[in-house]
Amino acid sequence: MLRRLATRPEPRLRAIARAAKESLLHIKGLQAARALPVPAPPPSARQAKPGPPQRTIFDAASTETLPGTLVRKEGMPPVGDAAADEAYDGLGDTHTLYADVFERNSIDGAGLKLDATVHFGKLYDNAFWDGHQMVFGDGDGEIFQRFTRSLSVIGHELAHGVTQYTAGLAYRNQAGALNESMSDVFGVLVEQYARKQSASEANWLIGEGLFTDAVQGAALRSLKAPGTAYDDDVLGKDPQPDSMDSYVRTTADNGGVHINSGIPNRAFYLVASELGGNAWEAPGHIWYGTLTSGSLPAACTFGKFARTTIATAEELFGSGSPEHDAVLKAWETVKVKV
Amino acid sequence: MKITVRRSGGIAAMTRVWSVNAVSADDKERWMPLVEACPWEEAKALSRTANQPDRFMYSIRAGQRRATLPDREVTGPWEELVESAKAEGSESRGQR
């Protein structure tokens with residue numbers, strides 16, 4: 001019944017259709033939660049409405065010891081350290097997307113406290129999710145500036161946490177590239193939702209503003225045009241493929257997880273571009289529904305993932321709906337066999 | 001003896017390679033103890049361990065010896081070898 005209601009096109013039933021879609025997503029979320037690869041929170045907490053974020057920012061003071069010294073807790077005013085304040089705001093924007101759009105209560109769906117450490121290591125050219133918290137380096141100042149400068153990077157890191165608590169995609173080969181793609185997709189959605197930008201207004205970049213002026217490049221990756229984010233004399237060219245025709249086989253980077261992610265990344269962009277409007281609406285719900293469907297294996301392939309997005313689009317919007325058609329067309333364009 | 005440290009992965013996925021060619025007696029005296037101090041046999045068990053998202057992967061070669069280590073395992077003698085190669089080696093951009 002919910003599926004039928006969710007696909008009703010009549011304007012007078014729009015609110016009912018929306019409520020039905022939300023209920024379906026909620027059910028799917030609960031189903032996914034049952035298949036958690038990590039200890040599940042108590043049911044009462046899992047079903048809780050999204051609460052406010054509980055953020056804590058630490059300073060590693062150029063060491064690699066986590067979490068470091070507490071510098072800002074939830075509700076405290078800005079401390080005047082750009083990295084700490086950017087991390088605090090970025091955690092808040094990420095929490096807001098999941099709460100407002102997907103009714104998800106923090107990263108684990110049960111109000112997980114959001115911890116982040118800034119100033120990690122010396123000239124550390126990276127940001128990562130360690131399974132419990134986010135970690136940001138300051139960059140080397142020659143190629144990279146501090147990694148908190150980009151909201152899409154903050155959203156990217158926290159999405160690794162969401163994937164860990166839902167599909168648990170392995171971090172190697174195609175499953176790893178899907179894990180990376182989930183982080184890029186939800187990373188750009190965090191930024192687009194915070195800026196209230198439609199699919200056509202958004203830059204679709206991961207890590208805009210991270211490079212110093214010395215680098216010829218706009219960002220780390222582009223979902224809209226994989227392989228075009230940078231082209232620099234020293235760094236070389238963005239190596240991402242934009243379809244299976246140029247899929248990269250490599251043992252480096254855990255089997256090219258940041259490289260082949262360009263293929264599913266572009267599929268998401270194509271769906272959003274085809275449908276127009278805000279990417280966090282139908283496209284975001286299809287991808288989020290897929291991630292939390294409970295039907296993605298840890299060693300998921302691109303084909304399995306694509307088929308699940310198609311099934312999710314059909315379930316949420318109906319067979320032959322513009323959303324269903326857009327998803328089919330996107331995978332065909334990037335040449336992933338379904 | 002040639003020592004090569006190749007760092008791949010990271011959120012930016014840009015591979016960097018640092019190389020040292022320890023040919024002279026002085027060079028060998030400087031680098032051999034750093035290489036010998038590393039637990040190469042133990043590293044074999046670590047090469048397939050799951051890495052944390054967006055962390056660096058290090059592939060280290062010294063003569064015939066090879067090791068692949070996740071970022072968080074580059075501690076103690078490994079860290080000393082890697083940091084020395086970064087500081088004193090010549091750098092080139094790696095092929096993916």
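All values derive from a computational prediction rather than experimental measurement.

Participant: Would you mind showing me how to read the packing of aromatic side chains here?
Facilitator: Going through the model one piece at a time under the given rule, you end up with 21 aromatic pairs over all chains. Measuring from ring centre to ring centre gives 6.2 Å for A:Tyr98 and A:Phe102, while their planes differ by 45 degrees; the resulting arrangement is tilted. With a gap of four residues between them, A:Tyr98 and A:Phe102 both fall in helix α4 (residues 82-102), about one helical turn apart. Accessibility assignment for this pair places A:Tyr98 and A:Phe102 in one class, buried. Ring centres of A:Phe102 and A:Phe186 lie 5.8 Å apart, and the angle between their planes is 75 degrees; this geometry places the pair in the edge-to-face category. Here A:Phe186 lies in helix α6 (residues 173-195) and A:Phe102 lies in helix α4, a separation of 84 residues in the sequence. Sitting over the ring of A:Tyr88, A:Arg55 keeps its end group 3.8 Å from the ring centre. Above the plane of the ring of B:Phe56 lies B:Arg7, whose end atom (NZ or CZ) is 3.8 Å from the centre.

Participant: So what exactly am I meant to see when it comes to the interface of chain A and chain B here?
Facilitator: The extent of an interface is frequently quoted as the accessible surface area lost upon association of the parts. Taken together, the 33 residues of chain A in the interface contact 22 residues of chain B. Roughly 2,300 Å² of surface becomes buried between chain A and chain B when both sides are summed, with 54% attributable to carbon and sulfur atoms. Looking only at chain A, the three residues that lose the most surface to chain B are A:Asn126, A:Tyr171 and A:Arg172, adding up to 20% of its buried area. One can count two salt bridges joining chain A with chain B. Across the pair B:Arg16 and A:Asp140 runs a salt bridge whose closest N-O atoms are separated by 3.8 Å. Scanning the region where chain A abuts chain B turns up twelve residue pairs in polar contact (both at pLDDT 80 or more).

Participant: Would you explain the environment of A:Met76 in this entry?
Facilitator: All names here are of chain A. Secondary-structure assignment places Met76 in the loop between β2 (69-73) and α4. Separated by twelve residues in sequence, Met76 and Tyr88 place their C-alpha atoms 10.0 Å apart. When neighbours within four sequence positions are excluded, Met76 is seen to be in contact with Val71 and Tyr88.

Participant: It is not clear to me how the environment of A:Ser200 should be interpreted in this structure. Could you clarify?
Facilitator: Residues and elements named next belong to chain A. On the secondary structure map, Ser200 appears in the loop between α6 and β6 (205-206). Its relative accessible area of 70% is what places Ser200 among the exposed residues. Along the sequence, Ser200 and Ala279 sit 79 residues apart, while their C-alpha atoms lie 9.2 Å from each other.

Participant: Is there a simple way to think about the packing of α6(A) against helix α8 (residues 262-275) of chain A in this case?
Facilitator: To characterise two packed helices, one gives the angle between the axes of the helices and the distance between these axes. All names here are of chain A. Where α6 contacts α8, the axes come no closer than 8 Å and their chain directions differ by 35 degrees. Both α6 and α8 take part in a crossing whose hand is right-handed. Counting all contacts with α6, which are made through Leu178, Ser181, Asp184, Val185 and Leu189, the residues of α8 involved are Pro264, Asn265 and Phe268. A class-by-class count of the residues in the contact of α6 with α8 yields five nonpolar, two polar and one charged.

Participant: Even after reading the chapter, I still don't get the sheet that holds strand β5 (residues 134-137) of chain A, so can you show me in this structure?
Facilitator: Picture the strands of a sheet paired through backbone hydrogen bonds; they go either parallel or antiparallel. All names here are of chain A. Strand order in the open sheet formed by five strands is β2-β1-β3-β5-β4, and the pairing between neighbours is mixed. Looking at the sheet topology across the chains shown, the edges are occupied by β2 and β4 (127-129). Here the strands of the sheet are splayed against their neighbours by 20 degrees on average, with no regard to which way each runs. Each of β1 (55-59), β2, β3 (114-120) and β5 touches α4; the most contacted strand, β1, lies at about 155 degrees to it. Contacts from helix α5 (residues 151-165) reach β3, β4 and β5, with the element oriented near 20 degrees to β4.

Participant: When you look at the pattern of salt bridges in this model, what are you seeing that I'm missing?
Facilitator: Between side chains of opposite charge, a pair can form when the charged atoms approach closely. Residues and elements named next belong to chain B. All chains considered together, the criterion is met by 18 salt bridges over all chains. Asp71 serves as the salt-bridge partner of Arg55, at 3.5 Å between the closest nitrogen and oxygen. Of the two residues, Arg55 is situated in the loop between α2 (40-43) and β3 (56-62) and Asp71 in the loop between β4 (65-70) and α3 (76-88); the sequence distance between them amounts to 16 residues. Across the pair, exposure class does not vary: Arg55 and Asp71 are buried alike. Taking the shortest distance from any N to any O, the salt bridge between Glu83 and Lys86 comes out at 3.6 Å. Linking Glu83 with Lys86, this pair stays in helix α3, spanning three residues, or about one helical turn. Judged by relative accessible area, which is 40%, Glu83 ranks as partly exposed.

Participant: Help me understand the confidence of the model for chain A in this model?
Facilitator: Detailed reading of predicted coordinates is not advised where the pLDDT is low. This prediction gives chain A a mean pLDDT of 90; 86% of its residues lie at or above 70. Note on residues 29-47 of chain A: pLDDT under 50 across the span, and 24 contacts to partners over four residues away in sequence or across chains.

Conventions adopted
Residues numbered from 1 in each chain as written. Chains lettered and ligands numbered in written order. Predicted model: local features only at pLDDT ≥ 70, side-chain atom pairs only at ≥ 80, totals over all residues. Heavy atoms only, no water. Phe/Tyr/Trp six-rings, centres within 6.5 Å; stacked < 30°, edge-to-face > 60°. Helix = DSSP H or I, 4+ residues; strand = E, 2+ residues; numbered from the N terminus. Buried < 20%, exposed > 50% of the residue type's maximum accessible area, 1.4 Å probe, protein only. Lys NZ or Arg CZ within 6 Å of the ring centre and 35° of its normal. Contact = heavy atoms within 4.5 Å. Buried area = accessible area lost by both parts, 1.4 Å probe. Salt bridge = Lys/Arg side-chain N within 4 Å of Asp/Glu carboxyl O. Polar contact = N/O pair within 3.5 Å; in protein donor to acceptor, adjacent residues only side chain to side chain. Axes fitted to C-alpha atoms, helices over the stretch in contact; angles between N-to-C directions. Left-handed = near helix turned anticlockwise from the far one by under 90°. Nonpolar A, V, L, I, M, F, W, Y, C, P; charged D, E, K, R; others polar. Pairing = 2+ DSSP bridges. pLDDT = per-residue confidence, 0-100.

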